[in-house]
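Residues per chain, in single letters:
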Amino acid sequence: MQGSVTQRPGRAGVLRIWGAALVPARRARPRGAGVAHSAGLRQVLLALVVTELVLAFVVSSMLPPAVRGVHAALEAVLVLAGLGAAAALFRSPHEVRGPDLVLRTGFFGEVSVPRSAVRSAAPAVRTVPGRGPRRVPGEPAAVACSAEATLDVVLHLSPAVRLDLGPGGGVVTASVVYTSAVSAAAMRTVLGPAVRPADH
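Residues numbered from 1 in each chain as written. Predicted model: local features only at pLDDT ≥ 70, side-chain atom pairs only at ≥ 80, totals over all residues. Heavy atoms only, no water.

Participant: Would you mind going over the overall build of the protein chain in detail, with residue names and values included?
Facilitator: If you tally the helices and strands in the protein chain, you get four helices and ten strands. The order of α-helices and β-strands along the protein chain, N terminus first, is β-α-β-α-α-β-β-β-β-β-β-β-β-α. Taking the principal axes of the C-alpha coordinates as reference, the protein chain spans close to 65 × 40 × 30 Å. When burial is assessed residue by residue, the protein chain has 40% of its 200 residues classed as buried. Contacts in the protein chain between residues far apart in sequence, at least 24 positions, make up 68% of those at least 6 positions apart. Carbon and sulfur atoms form 66% of the exposed surface of the protein chain, whose accessible area is close to 10,600 Å². Side-chain charges of the protein chain comprise 21 positive and 10 negative groups, with the mean position of each set lying 5 Å from the other. (Helix = DSSP H or I, 4+ residues; strand = E, 2+ residues; numbered from the N terminus. Buried < 20%, exposed > 50% of the residue type's maximum accessible area, 1.4 Å probe, protein only. Contact = heavy atoms within 4.5 Å. Areas by Shrake-Rupley, 256 points an atom, 1.4 Å probe, with all protein chains shown as cover. Lys, Arg positive; Asp, Glu negative; His and termini not counted. Charge placed at Lys NZ, Arg CZ, Asp CG, Glu CD.)

Participant: Describe the pairing of strand β7 (residues 132-136), naming the residues involved and giving the relevant values.
Facilitator: Within β7, four of the five residues are buried, which leaves it mostly tucked inside the rest of the structure. As paired strands, β7 and strand β8 (residues 139-146) are joined by five bridges and run antiparallel to one another. Within the sheet, the bridge partner assigned to Arg134 lies in β8 and is Ala144. Here β7 folds back onto β8, and the loop between the two strands holds two residues, one of which, Gly138, carries a positive phi near 85°. (Pairing = 2+ DSSP bridges.)

Participant: Tell me about the side chain of Arg134, residues and numbers included.
Facilitator: Mapped onto the secondary structure, Arg134 falls in strand β7. Within the structure, the side chain of Arg134 is placed 2.9 Å from the backbone oxygen of Val128, a separation counted as a polar contact. (Polar contact = N/O pair within 3.5 Å; in protein donor to acceptor, adjacent residues only side chain to side chain.)

Geometric descriptors of this kind do not, in isolation, establish any biological role.
What follows is the structure, encoded as structure tokens:
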């Protein structure tokens, strides 16, 4: 079967995603069932934002009044960047859209596989270096799709799905996809009763 991979957006695409994540949602069309992901990365980003806010006030109190305005503007950009990144991950969950399961990674691209090919969704503990859709070292029939190196859900596909990862990854006929999600149970819920807890 054929799936699809959206490579990470360019600079303009990143700015578009970041900006859209910060404005109130206007849903022109209803979303499919979704599953949150990248909780660890979102928590790190929010912790950095809070730390930056505290440090901004401390540093500002030590600066001459003439440069405090410039410092405040720079700090606002940093805080908005962190909030935008966290919001982009939160507001673009994995989603069942029509016949496909779309696995998203915020700014790093996405993988779409036919929903009918997903046979099981189970907990997994894996670390695969990198971000976005990528090969899994040592597993020629596996693809990882996440915004962080830590992966906690494995999807088994049958029949295998052909995915073109682009110039850096080539074509993979994937029977396994590792991803990050709030839980394997949540993934099974949105995929439907035909998806098993584990591949047997």
